Amino acid sequence: NKAVGVMEPGHAFTIEPMINVGEPGDRTWPDNWTSVTPDGKRSAQFEETMIVTEDGVDVLTMRPNPKPHFLRQLEAMGIECELKYGPGGVDPRWNKAEPTEG
């Protein structure tokens, strides 16, 4: 959304990527909730819910297999893909680091 403000410990938020086939962009229906592609082609959406902590952010929707469901479905169909960012991705910032003393 386009809300202006500062996230503080205790605030929760979601990141909801939408992957589309066809034209880039989206349109919102009159219900102010439903998003669709401009050309009406297929799309997939998933979300991760997070909460701001004193130390950063905790991912509340972390799963034992952190790949999003749509990636597991693609792999089951023999379509290999690599998640670059987010839980289960190759970006090292998502790896749990041990706390350092000092």
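Note that the coordinates shown come from a computational prediction; the quantities given were computed from them, not determined experimentally. Here, residues in each chain are numbered from 1, in the same order as that chain's written sequence. Local features in a predicted model are, by the rule used here, given only for residues with pLDDT of at least 70; side-chain atom pairs are given and counted only at 80 or more, and totals for whole chains, interfaces and linings are based on all residues. Water and hydrogen atoms play no part in the side-chain values, which are based on all heavy atoms of the structure.

Trainee: Could you give an account of the overall build of the protein, with specific residues and numbers?
Mentor: Labels follow the DSSP assignment, with helices taken as runs of H or I lasting at least four residues and strands as runs of E lasting at least two, numbered in each case from the N terminus. Counting its regular elements, the protein contains one helix and seven strands. Of the regular secondary structure in the protein, the N- to C-terminal order runs β-β-β-β-β-β-β-α. The 102 residues of the protein split such that 14% are buried. Within the protein, residue pairs in contact and separated by at least 24 positions form 38% of the contacts whose partners lie at least 6 positions apart. Summed over its atoms, the accessible surface of the protein is roughly 8400 Å², and 54% of this surface lies on carbon and sulfur atoms. Think of it in three bands: residues with accessible area under 20% of the maximum for their type are buried, residues over 50% are exposed, and the middle band is partly exposed, with areas taken using a 1.4 Å probe on protein chains only. Contacts are residue-level and defined by heavy atoms, with any inter-residue pair within 4.5 Å sufficient. Here the Shrake-Rupley method, with its probe set to 1.4 Å, supplies the accessible areas, and only the displayed protein chains count as covering residues.

Trainee: Go over the side chain of Thr37 with me, naming the residues and quoting the values.
Mentor: As for its placement among the helices and strands, Thr37 is situated in the loop between strand E4 (35-36) and strand E5 (43-45). Look at Thr37 and you get buried, because its relative accessible area is 3%. Pairs of N or O atoms are called polar contacts if they sit within 3.5 Å, as long as, within protein, a hydrogen donor faces a hydrogen acceptor (for residues adjacent in sequence, only side-chain-to-side-chain pairs). Engagement of the side chain of Thr37 in a polar contact is seen with the backbone nitrogen of Gly40, the distance being 3.1 Å. Within the structure, Thr37 has its side chain in polar contact with the backbone nitrogen of Lys41 (distance 3.0 Å). Thr37 has contacts with Met18, Asn20, Gly25 and Ser43, leaving out every residue within four places of it along the chain.

Trainee: So what's going on with the side chain of Glu48? Which residues, and what values?
Mentor: Take Glu48: it is sitting in strand E6 (residues 48-52). Polar side-chain contacts of Glu48 include one of 2.3 Å to the side chain of Thr61.

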